[in-house]
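Each chain is listed here by its residues.
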Amino acid sequence: MKVAIPFKGGRLSLSHLFLFLGRLNFIFGSAVFSIVLFRHLPELGPDTDVVLMARRGVLMVITLFALFCFTLELERLGDALGENKRE
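Given the structure is predicted, the values throughout are model-derived calculations rather than measurements. (Residues numbered from 1 in each chain as written. Predicted model: local features only at pLDDT ≥ 70, side-chain atom pairs only at ≥ 80, totals over all residues. Heavy atoms only, no water.)

### A closer look at the overall build of the chain
Scanning the chain from terminus to terminus reveals two helices and zero strands. By the burial criterion, 14% of the 87 residues in the chain qualify as buried. For the chain, long-range pairs separated by at least 24 residues make up 98% of all intrachain contacts whose partners lie at least 6 apart in sequence. Surface summary for the chain: the accessible area is close to 7300 Å², and the carbon and sulfur share equals 69%. (Helix = DSSP H or I, 4+ residues; strand = E, 2+ residues; numbered from the N terminus. Buried < 20%, exposed > 50% of the residue type's maximum accessible area, 1.4 Å probe, protein only. Contact = heavy atoms within 4.5 Å. Areas by Shrake-Rupley, 256 points an atom, 1.4 Å probe, with all protein chains shown as cover.)

In structure tokens:
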């Protein structure tokens, strides 16, 4: 469900700022995932606590999903600010 964002007139510079922050947020989430995957995955050994690893993995997936939703909302706000609709 999408709720309309009521703005009068376009604010192009603010729109670009929110779109930029949305992309930057996506890059940050990708970097965090890459660091965790490439830094900690090779260190797994036979004495690894599988339950703790699974809990942290689920927490990371939930965090990345929340970051994804926040990125979508930033892009949606940037798109709404950039529109020049005439009523």
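### Remarks on the side chain of Ser15
Relative to the assigned elements, Ser15 resides in helix H1 (residues 12-40). Those residues in contact with Ser15 that sit more than four places away from it in its chain are Gly78, Leu81 and Gly82.

### Topic: the packing of H1 against helix H2 (residues 50-82)
Two quantities define a packed helix pair, namely the angle between the axes and the distance from one axis to the other. Their axes nearest at 7 Å, the elements H1 and H2 cross at an angle of 165°. Regarding the angle of H1 to H2, the classification is roughly antiparallel. Seen from above, H1 lies across H2 with left-handed handedness. When the residues that make up the contact of H1 with H2 are grouped by side-chain class, the tally is 15 nonpolar, seven polar and three charged. (Axes fitted to C-alpha atoms, helices over the stretch in contact; angles between N-to-C directions. Parallel < 35°, antiparallel > 145°, perpendicular 65-115°, else oblique. Left-handed = near helix turned anticlockwise from the far one by under 90°. Nonpolar A, V, L, I, M, F, W, Y, C, P; charged D, E, K, R; others polar.)

### Digging into the layout of surface pockets
Estimated volume of the largest pocket: approximately 460 Å³. As for the largest pocket, its lining consists of 14 residues, of which Val36, His40, Leu41, Leu44 and Met53 are closest to the centre. Of all elements in the fold, only H1 and H2 reach the threshold of two or more residues within the lining of the largest pocket. Counting residues per element, the lining of the largest pocket draws most heavily on H2, at five residues. When the residues that make up the lining of the largest pocket are grouped by side-chain class, the tally is eight nonpolar, three polar and three charged. (1 Å grid on protein atoms, 1.4 Å probe; cavity = no way out; pocket = protein on both sides within 12 Å on 5 of 7 lines; lining within 4 Å. Points joined across faces, edges and corners; volume = space filled by probe spheres on them.)

### What to know about a nonpolar patch on the surface
Residues Phe33, Leu37, Phe38, Leu41, Leu44, Val50 and Met53 make up a contiguous nonpolar surface patch of about 650 Å² in total accessible area. At the level of secondary structure, the elements contributing two or more residues to the nonpolar patch comprise H1 and H2. Per element, the largest residue contribution to the nonpolar patch is three residues, and it comes from H1. Mapped onto the fold, Val50 is located in helix H2. (Patch = residues over 30% accessible without salt bridge, like charges linked within 9 Å, V, L, I, M, F, W, Y side chains within 5 Å. Salt bridge = Lys/Arg side-chain N within 4 Å of Asp/Glu carboxyl O.)

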